[in-house]
Amino acid sequence: MLDLLIKNALIATPKGSKPVVGENVEIFKGTIGIEASKIAHIGSEAGEALEAKEVLDAGGRLVTPGLVDAHTHLVFGGFRQHEFSKKIEGVPYLDILKAGGGILSTVEATRAATEEELYEKAKGFLNEMKNYGTTTVEAKSGYGLDFETELKQLKVVKRLREDGFDLVSTFMGAHAVPKGVNSNDFIEEVISWLPKLKDYAEFVDVFCEDGAFNLEQSEKLLTAAKKEGFFIKIHADEINNLGGSSLAAKLGAASAEHLIEADKSDIEKMAKAGTVAMLLPATSFYLNKPYAKAKTMIESGQAVAIATDFNPGSSPNFNLQLAMNIACIKYRLTPKEVLTSATLNAACGINRGSSIGSIELGKNANVVIWDAYDLDFLFYAFGSNKVYKVIAANSF
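All values derive from a computational prediction rather than experimental measurement.

Chemist: Could you give me a rundown of the overall build of the protein, with the residues and numbers involved?
Modeler: When helices and strands are tallied, the protein shows 15 helices and 15 strands. Its C-alpha atoms give the protein a radius of gyration of 20 Å, within 12% of the compact-globule value 21 Å for 396 residues. Referenced to the eigenvectors of the C-alpha coordinate spread, the extents of the protein come out at roughly 70 × 45 × 45 Å. Relative to its full complement of 396 residues, the protein shows a buried share of 59%.

See the structure below:
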């Protein structure tokens with residue numbers, strides 16, 4: 001007997017367990033059966049006589065996989081609203097950083113916060129994310145820039161995961177260069193921390209950018225991380241093209257993030273390597289910056305994912321619906337392309353394509369029922385929460 005049967009649903013889902021280029025969405029009327037937190041049945045309405053402990057009538061509403069937010073900076077102290085006016089005035093981020101703001105401001109607040117304070121704050125964010133349809137979240141450290149605070153952030157993520165939240169943990173100690181520290185020396189220090197963090201993080205990320213870490217330093221860290229058994233990611237080509245996306249392809253990174261300044265040759269290398277392009281449209285929107293060339297990427301055979309980049313500075317937004325809306329409007333992607341980008345492709349960017357990201361037999365029962373009766377409406381109407389009900393495979 002099924003635990004739950006969802007009937008009278010308009011199901012829209014990508015298919016498979018690997019990244020998809022472009023559209024890969026099937027839309028059909030049917031039912032979804034859930035047993036032991038897994039998808040145990042997918043079928044049509046006609047001729048079914050299934051028994052279930054609970055039956056939920058979707059009323060013809062749209063049903064999709066749970067959204068996957070595969071790039072966030074979830075755990076941090078304080079906020080950075082005091083920088084908002086400077087951004088409106090057009091002050092470049094690197095200038096804010098040089099003046100002690102930006103990441104360095106959040107570092108001070110995160111160092112000052114207790115583990116319990118960070119835990120409660122992040123837990124509140126996750127509960128709100130669920131209300132917007134997000135059922136899996138990647139969470140980066142990177143607001144410590146010392147071992148104790150980086151570990152504190154990662155401990156918070158581990159505690160939240162143990163409490164039932166579906167989280168993927170990323171160590172990003174190389175997020176910025178601490179005040180008064182040589183960047184080469186700091187990369188060596190971050191590398192020395194790696195063996196001590198194996199129980200706390202699955203991925204290692206680095207900010208490859210002017211004012212942060214150059215290409216050689218980024219490669220040194222990510223190569224060391226791979227040798228220690230971590231999967232790797234890279235913040236690449238956001239402000240300037242330093243070759244970070246090509247490095248992602250060279251090292252076989254699961255994803256490369258931002259990619260606003262990536263050129264066609266970089267994209268082709270990533271496509272060949274199978275690296276997911278993790279695009280962050282809400283960041284471009286918030287900072288009034290150029291947008292990544294998503295259409296060019298897809299036309300070049302590159303799999304694209306969409307995430308919020310939730311953080312206290314450049315994207316204080318954890319509503320993945322909004323990022324999806326912006327992706328449609330500014331990237332000119334179709335609703336099917338964006339749905340794939342925020343579900344299956346995002347899942348593949350955090351090595352979860354075999355368990356989440358689509359409504360298929362055997363996958364985790366992460367499902368969102370929307371107050372919409374076709375897929376287009378989900379992207380046509382923006383500014384309000386269109387979630388009707390979220391069903392997750394765990395307590396999240």
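Chemist: Mind laying out the environment of E115, listing which residues take part and the relevant values?
Modeler: Mapped onto the secondary structure, E115 falls in helix α4 (residues 115-131). Considered as a pair, E115 and K152 are 37 residues apart in the sequence and their alpha carbons are 6.1 Å apart. Not counting residues within four places of it along the chain, the set of residues in contact with E115 comprises K152, K155, V156 and R159.

Chemist: Go over the pattern of salt bridges with me, naming the residues and quoting the values.
Modeler: Applying the stated criterion across every chain yields a total of 18 salt bridges. A salt bridge links K198 to E228; its shortest N-O distance comes to 3.1 Å. Note that K198 is positioned in the loop between α6 (183-193) and β9 (203-208) and E228 in the loop between α7 (215-227) and β10 (231-236), a separation of 30 residues in sequence. E219 is the salt-bridge partner of K250, the closest N and O atoms lying 2.8 Å from each other. Pair noted here: K250 is in helix α8 (residues 244-251) and E219 is in helix α7, with a separation of 31 residues, a long-range link. K250 gets classed as exposed once you look at its relative accessible area, which sits at 59%. Note on E219: relative accessible area 24%, which makes it partly exposed.

Chemist: Tell me about the packing of aromatic side chains, and please be specific about residues and values.
Modeler: Taken as a whole, this structure holds 17 aromatic pairs when the rule is applied. Between F125 and F318, the aromatic rings sit 5.8 Å apart at their centres with planes inclined by 45°, giving tilted as the arrangement. Residue F125 is found in helix α4, and its partner F318 is found in the loop between β13 (304-306) and α12 (320-331); the two are separated by 193 residues along the sequence. As far as burial versus exposure is concerned, F125 and F318 are alike and both buried. Every member of this aromatic cluster is reached through a ring pair, and the members are F76, F79, F125, Y132, Y143, F310 and F318. A cation sits over an aromatic face here: K196 above F147, 5.1 Å from the ring centre. It is K233 that lies over the ring of F203; its NZ or CZ is 4.9 Å from the centre.

Chemist: So what's going on with the sheet that holds strand β12 (residues 276-279)? Residues and values would help.
Modeler: With parallel pairing, 8 strands are arranged side by side in an open sheet as β6-β7-β8-β9-β10-β11-β12-β13. Each edge of the open sheet is held by one strand with a lone partner, namely β6 (67-69) and β13. Direction aside, neighbouring strands of the sheet carry axes that sit 25° apart on average. Summarising the sheet, β10 and strand β11 (residues 255-258) pair through 4 bridges and their orientation is parallel. Among the inter-strand pairings, H235 is bridged to a residue of β11, identified as E257. Set on the sheet, α4 makes contact with β6, β7 (134-140) and β8 (167-174); between it and β7 the angle comes to about 145°. With respect to the sheet, helix α5 (residues 147-162) is in contact with β7 and β8, its orientation differing from that of β8 by roughly 175°.

Chemist: Any chance you could break down α4 for me, citing the residues and the numbers?
Modeler: Here α4 is 17 residues long and its end C-alpha atoms lie 25 Å apart, about the 24 Å a rise of 1.5 Å per residue gives. Those residues of α4 that fall on the buried side of the exposure criterion are L118, Y119, A122, F125, L126 and M129. In an axial view of α4, the angular spread of the buried residues amounts to 130°, which keeps them on one side of the axis. Elements in contact with the buried residues of α4: β6, α3 (103-112), β7, α5 and β8.

Chemist: An account of the nonpolar core is requested, with residue identities and associated values reported.
Modeler: Grouped together as the largest cluster of nonpolar side chains are 99 residues, with contacts concentrated most on L74 and L279. Ranked by residues supplied to this core, first place goes to α12 with 7 residues. Those residues in contact with L279 that sit more than four places away from it in its chain are H258, L259, A292, A294, M297, V304, A305, I306, A307 and Y331. Judged by nonpolar contacts, the second largest core, of 17 residues, contains M278, A307, I350 and I356.

Cut-offs applied
Residues numbered from 1 in each chain as written. Predicted model: local features only at pLDDT ≥ 70, side-chain atom pairs only at ≥ 80, totals over all residues. Heavy atoms only, no water. Helix = DSSP H or I, 4+ residues; strand = E, 2+ residues; numbered from the N terminus. Rg over C-alpha atoms; globule rule 2.2 N^0.38 Å. Buried < 20%, exposed > 50% of the residue type's maximum accessible area, 1.4 Å probe, protein only. Contact = heavy atoms within 4.5 Å. Salt bridge = Lys/Arg side-chain N within 4 Å of Asp/Glu carboxyl O. Phe/Tyr/Trp six-rings, centres within 6.5 Å; stacked < 30°, edge-to-face > 60°. Lys NZ or Arg CZ within 6 Å of the ring centre and 35° of its normal. Pairing = 2+ DSSP bridges. Axes fitted to C-alpha atoms, helices over the stretch in contact; angles between N-to-C directions. Expected span 1.5 Å × (residues − 1). Arc of directions from axis to C-beta. Core = buried A, V, L, I, M, F, W, Y, C linked by side-chain atoms within 4.5 Å.

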